[in-house]
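# Structural description and commentary
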Amino acid sequence: MKLHELAHPAAVLPAELDGFRIELRPEQERADIVLDRPPFNVVSMLARDQLRIAFEALDADERIRVIVLRGAGEHFSSGGDIKGFLAATPEHVSKLAWNVAAPARCSKPVIAAGRGYCFGVGFELSLACDFRLATETTLYALPEQKLGQIPGSGGSARLQKMVGITRTKDIVMRSRRITGRQAFEWGVATDCLPDGELEKATDALVDELRAFSPIAQRTAKKLLNDTEDSPLSIAIELEGHCYSRLRSSEDFREGVEAFHSKRKPNFVGR
């Protein structure tokens, strides 16, 4: 993946990416960030910095509507480079959560598609995405207690929002692994599929998301993220403001006209 292949990058990507690659599919308005350090796709400290830059660059690329984060091979990621923590400075470590939160800050829909191990920072990256597709082989875990540590990049905090304190303590304090099926039943995973259907399901979700208005999708994602901790009255107020702004968009007019004309809308993102 070279810098010149990205249109209007938000930040400069290095010529060599550390343990991952980017696959651009402009004809599908899609970009895949593929964790690729066989056999378990361990995420280095440098990769966390580069992943943040990659998400920022893809967010700025007008050819891309949906981003997919996935792992090459049989596993999403077994987690981070443990030795890298010992060599990192406190200043560098303090930025880890910001880097891992890049999928959440990205204005475009981000899908995490993972089979096999999804541990540590791999789980934290998935939790920062908008959609998580798991399979019957997926195992999620935050195993930091086994190292005398705790999750440090938003894992326990995001998980607690999704499943509550009791289940989060069970996962974090016992370094417990949960299956893709359990994750789906608990509301962590968007869906759990047979292992061989992951790619097909990912493709279908990408196409489904592409069919909606880009500006409506950006608005919905930001609204939901921003109001996660808001009182209900504030969330409703902000929702109303966002709704009002979208009513003046070209896409809303197109959607209404397409609905009444019984045709497929042609959204442009304005």
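Below or above, wherever it landed, is the structure these notes cover. Everything quoted here is computed from the prediction, not taken from an experiment. (Residues numbered from 1 in each chain as written. Predicted model: local features only at pLDDT ≥ 70, side-chain atom pairs only at ≥ 80, totals over all residues. Heavy atoms only, no water.)

Formed by 39 residues in total, the largest nonpolar core has its most connected members in Phe20, Ile33, Ile67, Phe123, Tyr140, Leu159 and Val188. Among the elements of the structure, β1 (20-25), β2 (30-35), α1 (45-60), β3 (66-71), β4 (110-114), α6 (121-127), α7 (155-173) and α8 (180-186) are those that each provide at least two residues to this core. Ignoring sequence-local partners within four residues, the contact set of Val188 consists of Phe123, Leu127, Arg132, Leu159, Met162, Val163 and Ala183. Listed in part, the eleven residues of the second largest apolar core include Leu133, Leu198, Ala201 and Leu209. (Core = buried A, V, L, I, M, F, W, Y, C linked by side-chain atoms within 4.5 Å. Buried < 20%, exposed > 50% of the residue type's maximum accessible area, 1.4 Å probe, protein only. Helix = DSSP H or I, 4+ residues; strand = E, 2+ residues; numbered from the N terminus. Contact = heavy atoms within 4.5 Å.)

Our next topic: the layout of surface pockets. Its volume calculated, the largest pocket comes out at about 630 Å³. Lining the largest pocket are 21 residues, and of these Cys129, Asp130, Lys221, Leu224 and Asn225 lie nearest its centre. It is helix α10 (residues 214-226) that contributes the most residues to the lining of the largest pocket, five residues altogether. Its residues assigned to classes, the lining of the largest pocket comprises eleven nonpolar, three polar and seven charged. (1 Å grid on protein atoms, 1.4 Å probe; cavity = no way out; pocket = protein on both sides within 12 Å on 5 of 7 lines; lining within 4 Å. Points joined across faces, edges and corners; volume = space filled by probe spheres on them. Nonpolar A, V, L, I, M, F, W, Y, C, P; charged D, E, K, R; others polar.)

In this structure the tally under the stated criterion is three aromatic pairs. Measuring from centroid to centroid gives 5.8 Å for Phe40 and Tyr117, while their planes differ by 25 degrees, and the two rings are stacked. With a gap of 77 residues between them, Phe40 in the loop between β2 and α1 and Tyr117 in strand β5 (residues 117-119) connect regions that are remote in the sequence. Assessed through its relative accessible area of 36%, Phe40 is described here as partly exposed. Residue Tyr117 is classed as partly exposed on the basis of its relative accessible area of 26%. A ring pair is formed by Tyr117 and Phe119, whose centres lie 4.7 Å apart and whose planes are at 20 degrees; its orientation type is stacked. Residue Phe119 is classed as buried on the basis of its relative accessible area, which comes to 6%. Just above the ring of Tyr117 sits the side chain of Arg177; from NZ or CZ to the centre is 5.7 Å. (Phe/Tyr/Trp six-rings, centres within 6.5 Å; stacked < 30°, edge-to-face > 60°. Lys NZ or Arg CZ within 6 Å of the ring centre and 35° of its normal.)

What follows is about the packing of α10 against helix α11 (residues 232-246). Contact pair α10 / α11: the axes reach a minimum separation of 11 Å and the direction vectors enclose 170 degrees. Between α10 and α11, the interaxial angle falls into the category roughly antiparallel. Across the interface between the two elements, Ile215, Ala216, Thr219 and Leu223 of α10 pack against Leu238, Glu239, Cys242 and Leu246 of α11. When the residues that make up the contact of α10 with α11 are grouped by side-chain class, the tally is six nonpolar, one polar and one charged. (Axes fitted to C-alpha atoms, helices over the stretch in contact; angles between N-to-C directions. Parallel < 35°, antiparallel > 145°, perpendicular 65-115°, else oblique.)

According to the stated counting rule, one finds zero disulfides in the structure shown. Take Cys106: it sits in no disulfide, and the sulfur closest to it among the cysteines is that of Cys129, at 9.3 Å. Relative accessible area serves as the criterion here: at 3%, Cys106 is assigned to the buried category. We note that Cys129 lacks a disulfide partner, and the nearest cysteine sulfur, in Cys118, lies 9.2 Å from it. Taking the relative accessible area as the measure of exposure, Cys129 reaches 5% and is therefore buried. (Disulfide = S-S within 2.5 Å.)

The terminal C-alpha atoms of α10 lie 18 Å apart, and with 13 residues this matches the ideal 18 Å at 1.5 Å per residue to within 8%. Where α10 is concerned, the buried positions are Pro214, Gln217, Thr219, Lys221 and Leu223. Considering only its buried residues, α10 is in contact with α5 (102-105), β4, α9 (198-210), α11 and α12 (250-261). (Expected span 1.5 Å × (residues − 1).)

The next thing to look at is the pairing of β3. β3 sits mainly inside the fold: six of its six residues count as buried. With burial as the criterion, each face of β3 is covered, one bearing Val66, Val68 and Arg70 and the other bearing Ile67, Leu69 and Gly71. A crossover connection joins β2 to the parallel β3 through α1; in handedness this β-α-β unit is right-handed. For β3 and β4, the ladder comprises four bridges, and the chain directions are parallel. Each bridged residue has a counterpart across the sheet, and for Arg70 the counterpart in β4 is Ala113. (Right-handed = clockwise from strand over helix to strand, strands pointing away. Pairing = 2+ DSSP bridges.)

Attention shifts here to the pairing of strand β6 (residues 131-135). Counting buried positions along β6 gives four out of five residues, so the element sits mostly inside the fold. Sheet topology note: the β4/β6 ladder contains four bridges and is parallel. Paired with Ala112 across the bridge in β6 is Arg132. Both β6 and strand β9 (residues 191-193) contribute to a ladder of three bridges, which runs parallel. Bridge pairing in β9 places Thr135 opposite Leu193.

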